[in-house]
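In case you want the letters, here they are:
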Amino acid sequence: MFSLFRILQRSIRLDPKLYNLSRVFNLNFPVQKTHALTNLRNFSDKPYSQENTVNTISKKMENKTEKVSVNKEELKKRLTPLQYQVTQEAATERPFTGCYNKHYEKGIYRCIVCQQDLFSSDTKYDSGCGWPAFNDVLDKGKITLHRDASIPGGNILLLIKHPERIRTEVRCARCNAHMGHVFEDGPKPTRKRYCINSAAIVFLSADELNSSANGGGSTENTNATPVAQQ
């Protein structure tokens, strides 16, 4: 165990990227001062824009969505246990179990908590990952992105050794509900794969939307609970 500690200590001392991650998990190893922290990453609850090129930096997310407060006790009564765990506790439903994984009807996908429109069926595709996948959002201001340093199994050493496994969490910008994660392996033109939990969204068909537009009443579906999520 002591030898493993010394090896990890030496690796962190020689690699600034590993040192950055060691700070996240309070691994207080001494580091040579000659190694400048040129790429220090901040892991916080603050949203960030995951853009890399000069062209995309100019298109940074502008979150103009009106915030709403959420009553946790009311949500527990309105949502299923799975929906609550996913949206409020950042849990993840099991792959290939969500009711929207293979769902391709035309319409809009809304946040199950606050009913904000988030995704369109026009950008939904079968990624084979086991969760509903979209290559874009309806509007960048409708979501916020957050660095997620958690890892299945809680293997901190694995995360330190492979910092590329740090994920990007997707939340609803209006109510802060956890939706899922976004990855950089999607189809053109965005190259994005928004991997979203079925338990975090609710679907409204094109017919329902058209009915509302023609005076058929509100499309708010606060009691929507797909059968597969009950």
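In this numbering scheme, every chain counts its residues from 1 along its sequence in written order. Local features are withheld for residues below a pLDDT of 70 in this predicted model, meaning they are given only at 70 or higher, and side-chain atom pairs are given and counted only at 80 or more; totals for whole chains, interfaces and linings count all residues. Processing note: side-chain calculations cover all non-hydrogen atoms of the structure and skip hydrogens and water entirely.

## Quick look at helix α5 (residues 81-89)
Link 1 in the chain: Any residue under 20% of the maximum accessible area for its type is buried, any over 50% is exposed, and the rest in between are partly exposed; the area is computed with a 1.4 Å probe on protein chains only. Working definition: helices are DSSP H or I runs of at least four residues, strands are E runs of at least two. Numbering for both runs from the N terminus. Taken together, the buried positions of α5 are occupied by Gln-83, Tyr-84, Val-86, Thr-87 and Gln-88.
Link 2 in the chain: Only heavy atoms matter for contacts: two residues are in contact if any of them lie within 4.5 Å across the pair. Elements that come into contact with the buried residues of α5 comprise α4 (72-78) and β7 (178-183).
Link 3 in the chain: One or two residues past the end of α5 sits Ala-90, with phi positive at roughly 60°.

## Brief notes about the sheet that holds strand β1 (residues 107-111)
Whenever strands of a sheet pair, they do so through backbone hydrogen bonds, lying parallel or antiparallel.
Link 1 in the chain: If DSSP finds at least two bridges between two strands, the strands pair. Judged by pairing direction, the sheet is antiparallel, and its three strands sit side by side in the order β2-β1-β9 without closing on themselves. The open sheet has two edge strands, β2 (117-120) and β9 (201-205), and neither has a second partner. The mean angle between the axes of side-by-side strands here comes to 35°, regardless of whether they run parallel or antiparallel.
Link 2 in the chain: Inspection of the sheet shows β1 paired to β9 by five bridges, in the antiparallel sense. Think of each axis as a best-fit line through the C-alpha atoms, taken over the contacting stretch in the case of a helix, with angles from 0 to 180 degrees between the N-to-C directions.

## Regarding the confidence of the model for the protein chain
Link 1 in the chain: What pLDDT conveys is the predictor's confidence in a given residue, as a value from 0 to 100. Here the protein chain shows a mean pLDDT of 75. Residues at 70 or above account for 58%.
Link 2 in the chain: A low-confidence stretch, residues 29-44 (pLDDT under 50), is modelled with 28 contacts involving residues beyond four sequence positions or located in other chains.

## Thoughts on the side chain of Lys-192
Link 1 in the chain: Residue placement: Lys-192 occurs in the loop between β7 and β8 (193-196).
Link 2 in the chain: Judged by relative accessible area, Lys-192 falls into the buried class, the value being 15%.
Link 3 in the chain: Polar contacts, as used here, are pairs of N or O atoms within 3.5 Å; protein pairs need one atom able to donate a hydrogen and one able to accept it. Residues neighboring in sequence count only if both atoms are side-chain atoms. Side chain to side chain, Lys-192 and Glu-184 meet in a polar contact 2.8 Å long.

## Here's the deal with the pairing of β1
Link 1 in the chain: The element β1 is extensively covered by neighbouring structure, given that five of its five residues are classed as buried.
Link 2 in the chain: The sheet contact formed by β1 and β2 spans three bridges and is antiparallel. Looking at the pairing, Arg-110 lines up with Asp-117 of β2.
Link 3 in the chain: What sits between the antiparallel neighbours β1 and β2 is a turn of five residues, in which Gln-115 has the positive phi angle 70°.

## Some words on the pairing of β8
Link 1 in the chain: The alternating pattern of β8 places Arg-193 and Cys-195 and Tyr-194 and Ile-196 on opposite faces, both of which are buried.
Link 2 in the chain: Judged from the two bridges that link them, strand β4 (residues 133-134) and β8 form a sheet pairing that is antiparallel. Each residue of the ladder has a partner; that of Ala-133, found in β8, is Cys-195.
Link 3 in the chain: Judged from the four bridges that link them, β7 and β8 form a sheet pairing that is antiparallel. Along β8, the bridge assignment pairs Phe-183 with Arg-193.

## What about the pattern of salt bridges?
Link 1 in the chain: Salt bridges are defined as contacts in which a side-chain nitrogen from Lys or Arg sits within 4 Å of a carboxyl oxygen from Asp or Glu. The full count for this structure, using the stated rule, is nine salt bridges.
Link 2 in the chain: Across the pair Asp-185 and Arg-193 runs a salt bridge whose closest N-O atoms are separated by 2.8 Å.

## Considering the side chain of Gln-83
Link 1 in the chain: Along the chain, the position of Gln-83 falls in helix α5.
Link 2 in the chain: Residue classification places Gln-83 among the buried positions, given a relative accessible area of 0%.
Link 3 in the chain: Only 3.0 Å separates the side chain of Gln-83 from the backbone nitrogen of Thr-80, close enough to count as a polar contact.

## Section: the packing of aromatic side chains
Any aromatic ring pair is given by two values, namely how distant the centres are and how the planes are angled relative to each other.
Link 1 in the chain: Stacked, edge-to-face and tilted labels apply to pairs of Phe, Tyr and Trp rings (six-membered ring for Trp) whose centres lie within 6.5 Å, assigned for plane angles under 30 degrees, over 60, and everything in between, in that order. Scanning all chains against the criterion turns up five aromatic pairs.
Link 2 in the chain: With a centroid separation of 5.2 Å and an interplanar angle of 70°, the aromatic rings of Tyr-109 and Phe-134 are classed as edge-to-face. Taken together, the residues span a long stretch of sequence, with Tyr-109 in strand β1 and Phe-134 in strand β4 at a distance of 25 residues.
Link 3 in the chain: Of the residues examined, Tyr-109 reaches a relative accessible area of 0% and is grouped as buried.
Link 4 in the chain: Judged by centre distance (5.9 Å) and plane angle (55°), the ring pair of Phe-119 and Tyr-194 falls under tilted. Taken together, the residues Phe-119 in strand β2 and Tyr-194 in strand β8 connect sequence positions 75 residues apart. An identical accessibility class is assigned to Phe-119 and Tyr-194; each is buried.
Link 5 in the chain: Site record: aromatic cluster; members linked through ring pairs are Tyr-100, Tyr-109, Phe-119, Phe-134, Tyr-194 and Phe-203.
Link 6 in the chain: In this arrangement the basic side chain of Lys-124 is found over the ring face of Tyr-104, its NZ or CZ atom lying 4.5 Å from the centre. We call a charge positioned over a ring when the NZ of a Lys or the CZ of an Arg lies within 6 Å of the ring centre and within 35 degrees of the ring normal.

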